[in-house]
Amino acid sequence: MGSGLLYGVKRVSTPKVPTSERLWQLFVIYLPYLWLLLFFLVPFLIIFKISFSDPVIGQPPFTPLFDSSESSFIHVTLDNYRFLFEDNLYWLSYLKSAKIAAISTFWCLLIGYPMAYGIARAKPVQRNILLMLVILPFWTSFLLRVYAWMGMLSTHGLINTALLASGLIEQPLKMLYSDTAVYLGIIYSYLPFMILPLYASLERLDNSMREAASDLGASPYRVFTDVTLPLSLPGVIAGCLLVFIPAMGEYVIPALLGGLDSLMIGRQLFNEFYSNRDWPVATAVATILLIILLVPIMLLQRYQIAQEDGP
Amino acid sequence: MSFIQIENISKKFDGVTVVDNISQDINQGELFAILGGSGSGKTTLLRMLAGFERPSSGRILLNGKDMTDLPPYQRPVNMMFQSYAVFPHMSVAKNVGYGLVKENIKKPEIDHRVEEILALVQLSSFSNRKPNQLSGGQLQRVALARALIKKPKVLLLDEPLAALDKKLREQTQFELMNIQHELGITFILVTHDQEEAMTLASRIAVMNEGKFIQTGTPTEIYEYPSNRFVADFVGSINLFEGIVATNDSNATQVKTDALGLLAASPDARVNVGETLWVAIRPEKISLSKKTISSTDINSVKGAVWDLGYYGNHCVYRIKTDNGTYLQVTTQNQSRATGLDINWKDEVHLSWDPACCMVLRE
Ligand SMILES: Nc1ncnc2c1ncn2[C@@H]1O[C@H](COP(=O)(O)OP(=O)(O)OP(=O)(O)O)[C@@H](O)[C@H]1O
Ligand SMILES: [Mg+2]
């Protein structure tokens, strides 16, 4: 009898999960962290480290941080950051990038929301076709699509030829190599990243919520502002982040469509890395960019936690 | 002129008729229940009354005014949704007050009325909670309060109590009746639960395949069903097919294969020689171990084949000597450890011809 009791107690205190299964569970849980560690944190730390070095001509083109041969064991310099702060060029580039990214995000939202709404409200068959159309551009290379815009916008491009032929204009318009072209390129390229999360949150929205608001006397406009928009806010936030963050560091579009004076930070980064071969300054530029991008994400996270906690 | 007039309403979805030419008058202050099986078109009919669905043909009049083309937000009608549709991003008080904000009523008055209605549905202490912090029953009461606060002329309720457990459902049924009585609002209630329809409604419409099969008071529907479908759908019933043998002012006698000659309450509409069904409710049959009937008619002998004990009553399935099954329910009036009549017991069944009805179709 005693042994039976003991056996019972033992079973309760140590649930028998095979060790291999436990390991597997841990592996699955920590896999995303491992991924982030290997492919985000470690590369970032390398970049972060380089941003405190001095540039040299050689291979690699920066001084080592730990040098046992010199008197001071650790060699750290803040010159790169000081340089960034002192030279207006960088601040203007950050500002310009932020402005272009913000305005593009706004336009993507303005264009993408009605599209996502339309897709979410369409009949299932049409919905799949429309979603396919949104994703379809990804089948061709990003670079090719930007080149196609060059072809359309250039002085003898599609748009100018058509306008000239129709007699609407006498002189070809200057569209390529301007901020407008950059906006067009970014909005066009990033629109799907806005539409898809918006669609996901709008599609999940229970239609009876909208009907209930309407039933209680809300006009279609109020139904939208009181129910549809607040309930699709997670999609709006996700879409805006997905557009704003890559647009902020965009290099290809301003390089191909923008004018020589389009001082976006992605271009500065490229110049420092490849033209000047000044890796320490380039990595400092990248580090500051990351910090700037972390601010909106953290603010949103705090907002979301506040939302979940309720009043 | 009735308060609500539904005139020849039909609704087709992609050519499939879901609501089929329904006409019905509903009086002011009435609690009208629509009872029907799943997919019979109840919700669709209600949605047409609320204005979410446009009828394919027909008209809906309220107080003599045609409201077929009015959008939902202009109708003096509120709906409580089958899924509750409580706004997840608003507190209980905000949810309940939403309809008043849309009427441009001042804030102190809104607060006062929200408080009042929350007290009515016993949610006063929950006014600052968010919907995800409420139980299913509480959510359902929020939905009810939100629909009631505008004091609509008509309140539409789509299976309002389906998600509640039996105790809470009964309690809420009484609350609903009190509220309806207090505010004098016309309720149109959709349900597939016949007990709910019976207890709540002043009139019931039994719906099947988009049509109202029968409309009447709960007693009419239960005791005088107009056809086999209604008799079978509302409550349990024993049905036997047969041919009318005699028909006079005393009784209609029907010759059945299952139980021989049966006497039913006289029905002038049937003809001798016609094939129809004799129907007897299980609780109308008396069950005894001894012979109780002096006549042969409406009396049979059998054995207990199956028995269900429900606490307050018992359901017996009796197999007669010729292999016919009958369902009989008895009240458990005495408090005893064992039942009087048990498995395999020989029993005598008999019933009053007045409790027997003949049904066509
Ligand atoms: N928007 C729609 N499009 C196509 N068919 C529909 C639509 N709404 C309802 N139906 C169909 O109409 C029929 C009746 O639906 P309805 O929702 O009115 O049934 P119900 O009586 O409320 O059923 P339940 O008791 O299950 O709620 C169903 O067959 C349903 O598939
Ligand atoms: Mg329904």
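Scoring rules and cut-offs
Residues numbered from 1 in each chain as written. Chains lettered and ligands numbered in written order. Predicted model: local features only at pLDDT ≥ 70, side-chain atom pairs only at ≥ 80, totals over all residues. Heavy atoms only, no water. Helix = DSSP H or I, 4+ residues; strand = E, 2+ residues; numbered from the N terminus. Buried < 20%, exposed > 50% of the residue type's maximum accessible area, 1.4 Å probe, protein only. Contact = heavy atoms within 4.5 Å. Areas by Shrake-Rupley, 256 points an atom, 1.4 Å probe, with all protein chains shown as cover. Lys, Arg positive; Asp, Glu negative; His and termini not counted. Charge placed at Lys NZ, Arg CZ, Asp CG, Glu CD. Phe/Tyr/Trp six-rings, centres within 6.5 Å; stacked < 30°, edge-to-face > 60°. Lys NZ or Arg CZ within 6 Å of the ring centre and 35° of its normal. Domains from an automatic or database assignment. Near = heavy atom within 4 Å. Polar contact = N/O pair within 3.5 Å; in protein donor to acceptor, adjacent residues only side chain to side chain. Nonpolar A, V, L, I, M, F, W, Y, C, P; charged D, E, K, R; others polar. Arc of directions from axis to C-beta. Pairing = 2+ DSSP bridges. Axes fitted to C-alpha atoms, helices over the stretch in contact; angles between N-to-C directions. Salt bridge = Lys/Arg side-chain N within 4 Å of Asp/Glu carboxyl O. Buried area = accessible area lost by both parts, 1.4 Å probe.

Draft legend 1. Expanded view of the overall build of chain B. If you tally the helices and strands in chain B, you get eight helices and 20 strands. Overall size of chain B, expressed as C-alpha extent along the three principal axes, is 75 × 50 × 35 Å. Among the 361 residues that make up chain B, the fraction classed as buried is 51%. Contacts in chain B between residues at least 24 apart in sequence constitute 65% of all its contacts with a sequence separation of at least 6. Accessible surface computed for chain B: about 17300 Å², of which carbon and sulfur atoms make up 47%. In chain B, which carries 38 positive and 40 negative side-chain charges, the distance between the mean positions of the two groups comes to 7 Å.

Draft legend 2. The packing of aromatic side chains, seen in detail. A full pass over the atoms with the stated rule returns 24 aromatic pairs over all chains. Ring geometry for tryptophan 35 of chain A versus phenylalanine 39 of chain A: centroids 4.8 Å apart, planes at 55 degrees, classification tilted. Residue tryptophan 35 of chain A and its partner phenylalanine 39 of chain A are located together in helix α2 (residues 19-50), separated by four residues, close to a single helical turn. As far as burial versus exposure is concerned, tryptophan 35 of chain A and phenylalanine 39 of chain A are alike and both exposed. Three or more aromatic residues joined by ring pairs make a cluster, and in this case those are Phe62, Tyr251, Phe270, Phe273, Tyr274 and Trp279 of chain A. Over the ring of tryptophan 277 of chain B we find arginine 228 of chain B, and its NZ or CZ is 4.1 Å from the ring centre. Here the basic side chain of arginine 281 of chain B rests over the ring of tyrosine 222 of chain B, its NZ or CZ set 4.0 Å away from the ring centre.

Draft legend 3. Structural view of the domain arrangement of chain A. As far as domains go, chain A holds domain 1 (10-43) and domain 2 (76-309). Placing a centre on the C-alpha atoms of domain 1 of chain A and another on those of domain 2 of chain A gives a separation of 37 Å.

Draft legend 4. Main features of the site of ligand 1. All names here are of chain B. Taken together, Phe13, Val18, Gly37, Ser38, Gly39, Ser40, Gly41, Lys42, Thr43, Thr44, Gln82 and Glu159 form the complete shell of residues around ligand 1. In this structure, an oxygen atom belonging to ligand 1 sits 2.7 Å away from a side-chain N or O atom of lysine 42. Against a free-state accessible area of 630 Å², the protein chains account for coverage of 58% of ligand 1. With three residues, the single largest contributor to the shell around ligand 1 is helix α1 (residues 42-50). Considering only residue class, the shell around ligand 1 consists of two nonpolar, eight polar and two charged.

Draft legend 5. Spotlight on helix α3 (residues 79-86) of chain A. Residues of α3 of chain A that are buried include every one of Asn80, Tyr81 and Leu84 of chain A, and no others. All buried residues of α3 of chain A project into a common sector of 95 degrees when viewed along the axis, lining one side.

Draft legend 6. The sheet that holds strand β14 (residues 275-280) of chain B, seen in detail. All names here are of chain B. The strand order β13-β12-β11-β14-β20 describes an open sheet built from five strands, whose pairing is antiparallel. In the strand order of this sheet, the two ends are held by β13 (260-264) and β20 (356-359), each with one partner. In this sheet, neighbouring strand axes are inclined to one another by 45 degrees on average, regardless of whether the strands run parallel or antiparallel. Relative to β20, β14 runs antiparallel, the two sharing four bridges. Along β20, the bridge assignment pairs alanine 279 with methionine 357.

Draft legend 7. Structural detail: the pattern of salt bridges. All names here are of chain B. Tallying each qualifying case throughout the model produces 23 salt bridges over all chains. The salt bridge involving glutamate 103 is made with lysine 150; its shortest N-O contact spans 3.8 Å. Within this pair, whereas glutamate 103 is found in the loop between α2 (92-101) and α3 (107-120), its partner lysine 150 is found in the loop between α4 (136-148) and β7 (154-158), the two being separated by 47 residues in sequence. Looking at glutamate 103, the relative accessible area reads 37%, which means it is partly exposed. Residue class for lysine 150 comes out buried when judged on its relative accessible area of 17%. The partner of arginine 360 in a salt bridge is glutamate 274, and the shortest N-O contact between them spans 2.7 Å. With arginine 360 in the segment after β20 and glutamate 274 in the loop between β13 and β14, the pair connects residues that are 86 residues apart, well separated along the chain. Taking relative accessible area as the criterion, arginine 360 reaches 35% and is therefore assigned partly exposed.

Draft legend 8. How the structure looks around the domain arrangement of chain B. All names here are of chain B. Taken domain by domain, chain B holds domain 1 (4-231) and domain 2 (236-359). Summarising the inter-unit geometry, the C-alpha centres of domain 1 and domain 2 are found 39 Å apart. Opposite the eight residues of domain 1 that make contact, domain 2 presents eight residues. Summing both sides of the interface, domain 1 and domain 2 together bury roughly 750 Å²; the carbon and sulfur share of this comes to 54%. Contact with domain 2 buries area across many residues of domain 1, yet Tyr222, Arg228 and Ala231 alone supply 70% of it, more than any other trio. Remark: the boundary between domain 1 and domain 2 carries one salt bridge. A salt bridge links glutamate 223 to lysine 284, with the shortest nitrogen-to-oxygen separation between them at 3.3 Å. Linking domain 1 with domain 2 are four residue pairs in polar contact (both at pLDDT 80 or more), by the criterion used here. Only α7 (218-223) and α8 (228-233) provide two or more residues apiece to the side of domain 1 that touches domain 2. The dominant element in the side of domain 1 that touches domain 2, judged by the number of residues it contributes, is α7, at three residues.

Draft legend 9. Spotlight on α1 of chain B. Residue and element names in this part refer to chain B. Counting buried positions along α1 gives eight out of nine residues, so the element sits mostly inside the fold. Among the residues of α1, Lys42, Thr44, Leu45, Leu46, Arg47, Met48, Leu49 and Ala50 are the ones counted as buried. Downstream of α1 by one or two residues, glycine 51 has phi in the positive range, about 105 degrees.

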